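The residues making up each chain are set out below.
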Amino acid sequence: MNTAVEICGVKFKNPVMNASGTFGSGMEYSELVDLNRLGAIVTKGVAKVPWEGNPTPRVAETSSGMLNAIGLQNPGIDVFIERDLEFLKNYDTNVIVNVCGHSVEEYVEAVERLADCGNVSMLEINVSCPNVHEGGIAFGTDPRALEEITKAVKKAARQPVIMKLSPNVTSIAEMAKAAEAAGADAVSLINTITGMKIDIYKRSFLLANRTGGLSGPAIKPVAVRMVYEAAHAVKIPVIGMGGIATAEDAIEFIMAGASAVAVGMMNFHDPRTMLKLIEGIERFMEEQGIDDLSEITGIL
Amino acid sequence: MISEKAVVIEKEQLAEGIYGVWLKTAAAAEARPGQFVMLNTGSEAHLLGRPISICDIDREGGSLRLVWRVAGYGTGEMSRLESGDGIDIIGPLGNGFDISVAKGAENIAVMGGGIGAPPLLGLVRALHEGGAENVDVYLGYRSAAAGLFLAGEFKEFAAVHIATDDGSEGTHGTVIDALRSGGKQPELIYACGPMPMLKGIKQYAEERLIPAYISLEERMACGVGACLGCVVKTRFKDGHSQVENARICTEGPIFAAKDVDI
Ligand SMILES: Cc1cc2nc3c(=O)[nH]c(=O)nc-3n(C[C@H](O)[C@H](O)[C@H](O)COP(=O)(O)OP(=O)(O)OC[C@H]3O[C@@H](n4cnc5c(N)ncnc54)[C@H](O)[C@@H]3O)c2cc1C
Ligand SMILES: Cc1cc2nc3c(=O)[nH]c(=O)nc-3n(C[C@H](O)[C@H](O)[C@H](O)COP(=O)(O)O)c2cc1C
Ligand code: FES
């Protein structure tokens, strides 16, 4: 039985990784989770310079999920390389660096700084960031903006590039195709779905930012549907996420077309979620007589 | 830091809506006063852990005491725990109180408002065991009728001064009013309680150049420093974040009042 997968030439010991922003740089959970067991560690979105993020409250619990409006607070690429990437050199797992920016130039500069970092296996480009040159509209909601940024990043990148798609669009298939046409090596989805929560007694918004991104089991059916649509629209690999809590959830994504899966919010609920997924996927393969995950990847 | 299922050894109701437990947990081995834990009741609808401060530590017995006020779903579920029940815990978390600064300080004021009192019990015990004398504890409550929970236990270690919102016990007013009416100016303040009280203490301490350490709260998702949900504005660039922002769950929850913008 083989849980290993290969994506864009990068070998993963298993298809389970964390979703960006929910696991810090791995360091924060390293006392609770053996990072060596993970298929990959996906780091929190990092930009060219430090970002302050949004005012608090930044998080709110919702039914089987949560809203967040962290605002991509990050320490900037220089400290990230010196501290977080250096820390990850102690572990035998792939490192996928999630990159954010306010303009094409900002993304490109961060990606260029990562070019010489030996322990970066892949880049994941978060296009759910506001584009300051386009009145704050997210790059990932317009196919032309997505193509432009994909091309620019691909030109600068030394590592394979995963474009992380936003679900806040009419046609996810169209966005996946735009990323593929512009040269993306893979796509990952879904990022959070924009939502809102109101405190009816205070007659105000729960989040200081008013809106936030919904994640957790509440969004899983939407995510499975979108992974399915994206996987059918493109030939490049798809990494699936959105509400994954169990091995059964992960296998749904794999059958819908995901070559690997990521766990986000559920890390907060139970830090062992990813380890349980790895064990559960092995058990399922054994029970079902599956030798290699490719036998069930995208069978629907 | 550990993540495990803790077991309820003992459960108590301290006042209307105020509950406490002693939990058997490996988290007790390294816990310090002022740190907290994340408790998760395991509901499929309410997935996030609830941050609760460590009230007291029994190192030999390997257990932690937690005391909370029922505020919503999670704390409500927790109030239904019984001896022998298990509950998911992550901890100990955060920095805890810096007790070394109390060395040599004469007049230490420990100030707790309402459900801010519990973490101060472990602090006062530690100060007492460290030989600190002249510790005055100021505890604020709604009213005598609503319950002066834990006040009796503080008296084992220090002089206790009560303030109530309605004047039914002790000073009529806040803990700051009680401090002022005592006429003794502290050299060091530790405080935990609602934001208006902490703002008042920050101002009081800054006007008199008294070092004050305050315990802060914010909505948390992870409790371990990973999500960046729980930040407070800081006066200086924070080493971890590289911006004027520190994680309450990791760099805190205890901050020097002068360093944070509340
Ligand atoms: C470091 C820290 C230590 C704390 N220690 C104690 C303690 O010792 N005793 C005690 O009674 N309370 C304490 N609190 C407050 C306690 O965490 C909240 O009362 C509790 O989370 C409410 O959960 P709920 O499900 O009952 O309420 P709900 O309103 O149903 O909770 C919904 C969501 O909001 C969050 N939330 C609601 N109120 C607060 C709050 N005041 N602070 C942070 N998150 C909140 C919850 O965690 C949950 O994610 C502490 C908070 C922090 C940050
Ligand atoms: C607190 C938090 C922070 C996040 N930060 C990022 C980020 O920095 N970059 C990014 O691409 N996605 C970020 N995400 C989105 C997740 O990576 C993931 O796409 C989404 O949460 C859906 O997965 P889930 O339902 O398993 O959480 C964040 C999500 C959460 C909850
Ligand atoms: S609660 Fe996640 S960083 Fe503090």
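Structure: see above.
The rules behind the values
Counting from 1, residues in each chain are numbered in the order their sequence is written. Lettering for chains starts from A, numbering for ligands starts from 1, and both go in the order in which the items are written. Whole-chain, interface and lining totals are the exception, using all residues; otherwise, since this is a predicted model, local features are given only for residues with pLDDT of at least 70 and side-chain atom pairs are given and counted only at 80 or more. Excluded from the side-chain calculations are hydrogens and water; all other atoms, namely the structure's heavy atoms, are used. Note on definitions: a residue-residue contact is assigned when non-hydrogen atoms from the two residues lie within 4.5 Å. Buried surface area refers to the total accessible area, computed with a probe of radius 1.4 Å, that the two partners give up upon joining, counted for both partners together. Criterion for a salt bridge: a side-chain nitrogen of Lys or Arg within 4 Å of a carboxyl oxygen of Asp or Glu. Under the DSSP-based scheme used, a helix requires at least four consecutive residues in state H or I and a strand at least two consecutive residues in state E, with every element numbered from the N terminus. Put simply, a nonpolar core is a bunch of buried Ala, Val, Leu, Ile, Met, Phe, Trp, Tyr and Cys residues held in one set by side-chain atoms that sit within 4.5 Å of each other. Using a 1.4 Å probe on the protein chains alone, a residue whose accessible area is under 20% of its type maximum counts as buried, one over 50% counts as exposed, and one in between counts as partly exposed. Only residues whose relative accessible area exceeds 30% and that form no salt bridge are eligible for patches; like-charged ones are grouped when within 9 Å, while nonpolar side chains (Val, Leu, Ile, Met, Phe, Trp, Tyr) are grouped when within 5 Å. Surface accessibility follows the Shrake-Rupley procedure with a 1.4 Å probe radius. Residue values consider only the protein chains on display as shielding. Only four residue types enter the tally: Lys and Arg on the positive side, Asp and Glu on the negative side, with His and both chain ends excluded. Note on charges: their place is set at NZ of Lys, CZ of Arg, CG of Asp or CD of Glu. Only a single heavy atom is needed: when it lies within 4 Å of a molecule or strand, its residue is near that molecule or strand. Pairs of N or O atoms are called polar contacts if they sit within 3.5 Å, as long as, within protein, a hydrogen donor faces a hydrogen acceptor (for residues adjacent in sequence, only side-chain-to-side-chain pairs). Both cavities and pockets are sets of points on a 1 Å grid over the protein atoms alone; in a cavity a 1.4 Å probe fits but cannot get out, in a pocket the set is open with protein on both sides within 12 Å along at least five of seven lines, and lining residues sit with an atom within 4 Å of a point. Here the criterion for a molecule occupying a pocket or cavity is that more than half of its atoms lie within 2 Å of the pocket grid points. Three categories are distinguished: nonpolar for Ala, Val, Leu, Ile, Met, Phe, Trp, Tyr, Cys and Pro, charged for Asp, Glu, Lys and Arg, and polar for the others, with Gly belonging to the last.

Trainee: Help me get a handle on the interface of chain A and chain B, residues and values and all.
Mentor: In this complex, chain A contributes 36 residues to the contact, which on the side of chain B involves 34 residues. Each partner contributes to the roughly 2900 Å² buried at the junction of chain A and chain B, and carbon and sulfur atoms together form 56% of this total. Considering only the surface of chain A that becomes buried against chain B, E28(A), E61(A) and H269(A) emerge as the three largest contributors, covering 21% of it. Across the pair R50(B) and E61(A) runs a salt bridge, and its minimum N-O distance is 2.7 Å. Of all the secondary-structure elements, those providing two or more residues to the side of chain A that touches chain B are β5 (59–62), β6 (65–68), α1 (77–88) and α7 (266–269) of chain A.

Trainee: Give me the environment of I18(B): which residues, what numbers.
Mentor: Residue and element names in this part refer to chain B. Relative to the helices and strands, I18 resides in strand β2 (residues 18–24). Between the C-alpha atom of I18 and that of G147, which follows or precedes it by 129 residues, the distance is 9.1 Å. Once residues lying within four places of it in the same chain are set aside, the contact partners of I18 are E12, Q13, V67, W68, R69, I115 and F149.

Trainee: Go over the nonpolar core with me, naming the residues and quoting the values.
Mentor: Within the largest apolar cluster, 145 residues are counted, with the highest numbers of intra-cluster contacts made by V97(A), L114(A), I125(A), M163(A), L189(A), M111(B) and I189(B). Residues within four places of I125(A) in sequence aside, it is in contact with V99(A), Y107(A), V111(A), V153(A), V161(A), I162(A), M163(A) and K164(A). Among the nonpolar cores identified, the runner-up in size contains 33 residues, and V135(B), V137(B), L150(B) and A151(B) belong to it.

Trainee: Residue-level account of a negative patch on the surface, with values.
Mentor: Residues and elements named next belong to chain A. Negative charge collects at one region of the surface, where E248, E282, E286 and E287 lie side by side. Counting residues per element, the negative patch draws most heavily on helix α8 (residues 273–288), at three residues. Residue position: E282 is located in helix α8. In this structure E282 comes out as partly exposed when scored by relative accessible area, which is 31%.

Trainee: Describe the site of ligand 2, and please don't skip the residues or the numbers.
Mentor: Residue and element names in this part refer to chain A. Every one of the 22 residues lining ligand 2 counts as a neighbour, but S20, K164, G216, G243 and M265 are closest to it. In the environment of ligand 2, an oxygen atom lies 3.2 Å from a nitrogen or oxygen atom belonging to the backbone of G45. G216 places a main-chain nitrogen or oxygen 2.7 Å from an oxygen atom of ligand 2. Taking 610 Å² as the accessible area of ligand 2 by itself, protein coverage stands at 98%. Mapping ligand 2 onto the cavity grids shows that it belongs to the second largest pocket. In terms of residue class, the shell around ligand 2 is made up of six nonpolar, 14 polar and two charged.

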